[in-house]
2 protein chains.
Amino acid sequence: MTSTLKTNRIYEGDCIAILESLPEKSVDMIFADPPYNLQLGGDLTRPDNSRVDGVDDAWDKFASFEAYDAFSRRWLTAARRVLKDDGTLWVIGSYHNIYRVGAMLQDMGFWMLNDVVWRKTNPMPNFRGRRFTNAHETLLWVSKHEDSKYTFNYEALKELNEGIQMRSDWTLPLCTGSERLKDADGHKVHPTQKPEALLYRVLLSSTKPGDVVLDPFFGTGTTGAVAKKLGRKWIGIERDKAYIEAARARIAAVEEVKDLSLLATPSKRSEPRVPFGTVIERGLLKAGDVLYDPRGRAVARVKADGTIIAEEHKGSIHKVGAAIQNAPSCNGWTFWHFKAGDQMVSIDVLRQKLRGEMAGAGLN
Amino acid sequence: MTSTLKTNRIYEGDCIAILESLPEKSVDMIFADPPYNLQLGGDLTRPDNSRVDGVDDAWDKFASFEAYDAFSRRWLTAARRVLKDDGTLWVIGSYHNIYRVGAMLQDMGFWMLNDVVWRKTNPMPNFRGRRFTNAHETLLWVSKHEDSKYTFNYEALKELNEGIQMRSDWTLPLCTGSERLKDADGHKVHPTQKPEALLYRVLLSSTKPGDVVLDPFFGTGTTGAVAKKLGRKWIGIERDKAYIEAARARIAAVEEVKDLSLLATPSKRSEPRVPFGTVIERGLLKAGDVLYDPRGRAVARVKADGTIIAEEHKGSIHKVGAAIQNAPSCNGWTFWHFKAGDQMVSIDVLRQKLRGEMAGAGLN
DNA sequence: TTACCCGATGAATCGCCGC
DNA sequence: TGCGGCGATTCATCGGGTA
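All values derive from a computational prediction rather than experimental measurement. (Residues numbered from 1 in each chain as written. Chains lettered and ligands numbered in written order. Predicted model: local features only at pLDDT ≥ 70, side-chain atom pairs only at ≥ 80, totals over all residues. Heavy atoms only, no water.)

## Quick word on the sheet that holds strand 4 (residues 111-120) of chain A
All names here are of chain A.
Move 1: The strand order 1-8-7-2-3-5-4-6 describes an open sheet built from eight strands, whose pairing is mixed. With partners counted over all chains shown, the strands left at the sheet margins are strand 1 (9-12) and strand 6 (169-172), one partner each. This sheet shows a mean twist of 20° between the axes of neighbouring strands, independent of strand direction.
Move 2: Examined bridge by bridge, strand 4 and strand 5 (residues 136-143) share eight bridges and lie antiparallel to one another. Its bridge partner lying in strand 5, W118 is registered against E137.
Move 3: Taken strand by strand, helix 6 (residues 222-229) contacts strand 2 (27-32), strand 7 (212-215) and strand 8 (233-238), and its axis lies near 170° from that of strand 8. (Pairing = 2+ DSSP bridges. Helix = DSSP H or I, 4+ residues; strand = E, 2+ residues; numbered from the N terminus. Axes fitted to C-alpha atoms, helices over the stretch in contact; angles between N-to-C directions. Contact = heavy atoms within 4.5 Å.)

Set out below in structure tokens:
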């Protein structure tokens with residue numbers, strides 16, 4: 001129950017038993033691609049283990065949904081225990097199972113952050129022409145609690161999307177070609193191997209380098225392979241020996257990125273705070289200097305204690321900036337400017353200068 | 001309980017009571033846009049400090065998931081009774097409610113035909129940068145029984161989609177501009193009016209001319225307006241007098257459409273935008289790889305988030321390319337190259353490869 | 001007349017830290 | 001645990017006004 005957590009390895013066996021053997025609140029993120037085939041013969045039993053009589057169709061289906069729900073509740077409960085309070089969980093599925101899983105997640109206290117649609121560029125067509133081409137799968141992204149401080153690398157995803165914030169619909173091809181693992185006979189090793197690009201986006205968005213990512217339905221190890229590429233620790237759980245063997249070889253062949261700085265996805269939010277007073281203290285501005293709003297009207301004077309005065313307002317750069325604009329809030333760093341020669345320069349430049357010095361001195 | 005069915009009219013009142021007063025098995029299709037149970041917290045402001053006009057109507061307030069589920073079960077039970085055995089039901093929702101509704105539909109014996117994603121071309125951004133842009137809503141399309149002989153106009157939908165099978169993801173804009181109903185003061189009449197293009201696809205795909213379409217949450221009557229255009233009979237149920245009044249006027253002004261080809265929503269001709277990050281995500285380049293300028297000097301390294309680093313410059317391929325050349329702008333796709341053996345190859349080759357995949361699927 | 005600029009707005013579960 | 005301060009945050013589209 002309280003073993004230490006060994007990472008970068010595959011645990012062989014039933015995911016529920018193994019999850020229950022791992023230390024609680026030890027994992028930063030869980031990615032799960034659970035089975036959704038409701039026609040599994042062995043699973044067609046009622047919760048009380050009585051066999052389902054195949055004569056009554058309606059009851060048969062009800063029983064199989066119940067069995068699936070019971071299975072889902074067990075692995076989700078075990079997964080929730082292992083997840084850190086500020087961790088998140090991803091589950092991928094199709095219309096056969098995802099609505100049941102989604103409702104259960106909400107009932108268990110998970111908090112929905114997004115549902116994400118994987119739009120397939122190359123889905124299998126609907127041969128009989130009786131329905132719309134089933135061209136997408138759904139991922140649910142949930143935090144453990146409503147008020148969790150979850151990880152979301154907003155800036156990184158925005159960069160990945162060339163400057164526009166990432167949307168909840170992701171257009172990606174199926175896993176085919178050389179990425180698709182084949183056995184010696186040329187048959188695919190796993191029936192539903194996920195594309196690495198999908199996991200790349202999942203891991204880049206919701207984990208930090210060094211985080212521990214767990215996949216309770218590891219299959220052929222796409223999660224592990226991408227985690228290794230991105231400098232994340234990983235844990236896989238899988239009961240099929242053939243999948244495990246394929247996953248081990250696959251992950252062993254992945255090269256780690258040597259320069260960890262290339263994996264960093266810095267955000268403004270994580271940069272150290274610099275009080276405006278430090279700017280005065282360090283002599284970059286001095287008491288009596290004049291600050292201007294973006295339109296260049298002279299409006300505020302700097303005081304020795306790092307507050308400013310404008311018209312009848314006094315206080316912090318943020319508070320006065322908000323008051324001047326009659327707005328509920330204001331980022332004073334970007335609002336206020338000073339004159340350097342003829343140029344109007346944002347005081348944020350001064351903050352950047354101080355941050356640069358702090359980083360140079362190994363501080364943070 | 002067994003009144004005759006009057007069509008092309010709005011029933012004023014509670015949808016459950018009215019559904020229970022209609023004859024059973026009398027309706028060919030039901031389209032339902034129920035309250036989403038958004039559970040919105042406090043105010044939300046945009047970066048420019050303007051306030052977002054969120055959905056705060058009383059009809060979307062529920063005390064708990066249990067209360068919402070009880071409401072859903074009641075209207076779905078009433079709707080199921082009214083639906084013909086070979087009829088189908090559509091429900092639209094967001095992640096707040098659709099997983100609960102989907103699971104309940106399955107539990108009630110409805111048979112899932114498709115889940116369809118309405119991919120919004122112009123969704124509201126995520127103003128706080130805390131999640132993925134919530135850029136889609138989900139429609140569930142279900143038959144009353146597993147073996148229903150439901151209507152699906154495969155050929156018509158294929159025509160509507162320029163000869164390609166209609167997929168389960170529909171790319172359509174929000175209802176804005178002149179289509180959006182406004183009151184005398186210019187305020188929107190209904191907070192969540194759906195675009196007619198969405199209803200075209202729904203009605204065209206799953207009903208025949210002359211069929212009876214019922215909408216238990218009629219609002220301002222998009223379903224009725226489109227039904228009239230397409231020569232379907234319609235029944236609306238709505239309890240808000242202001243919505244009813246707007247819907248009556250709107251539908252009265254509708255003329256039947258004879259040429260269905262006018263309803264096609266042409267795909268964009270422009271080439272799909274491919275962010276450089278996609279090249280990394282798809283493994284065509286990886287973090288740590290080196291990019292060269294056209295003269296072949298080693299100059300930039302690729303980061304995991306699709307930015308690059310060269311000398312002291314970091315940012316997008318375009319921004320860094322411009323900085324290196326001390327130019328105002330730069331097309332990074334043509335400027336940067338990678339080594340393939342001895343050859344220097346433009347990264348634009350990689351973009352063309354990705355574009356080809358997307359274009360092949362008719363995506364954008 | 002046309003081109004450009006600016007403001008408005010859409011089903012949204014939209015902070016974090018320290019005192 | 002609550003409160004207040006710091007300071008971070010937007011894309012596509014439409015319509016009206018101006019050059």
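## Focus: the packing of aromatic side chains
Residue and element names in this part refer to chain B.
Move 1: Counted under the stated rule, the structure contains 33 aromatic pairs over all chains.
Move 2: Ring geometry for W75 versus F217: centroids 5.1 Å apart, planes at 85°, classification edge-to-face. Here W75, found in helix 2 (residues 65-82), pairs with F217, found in the loop between strand 7 (212-215) and helix 6 (222-229); they are 142 residues apart in sequence, far enough to count as distant.
Move 3: For W75, a relative accessible area of 0% gives the class buried.
Move 4: Classification of F217 by relative accessible area gives buried; the value is 16%.
Move 5: Ring plane angle 45° and centroid distance 6.0 Å describe the contact between W90 and W170, whose orientation is recorded as tilted. Remark: W170 occurs in strand 6 (residues 169-172) and W90 occurs in strand 3 (residues 83-93); sequence separation between them is 80 residues. For the pair shown, W90 and W170 are each scored as buried. (Phe/Tyr/Trp six-rings, centres within 6.5 Å; stacked < 30°, edge-to-face > 60°. Buried < 20%, exposed > 50% of the residue type's maximum accessible area, 1.4 Å probe, protein only.)

## With respect to the domain arrangement of chain A
Move 1: Structurally, chain A comprises domain 1 (9-263) and domain 2 (276-361).
Move 2: Computed over C-alpha atoms, the centres of domain 1 of chain A and domain 2 of chain A are 48 Å apart. (Domains from an automatic or database assignment.)

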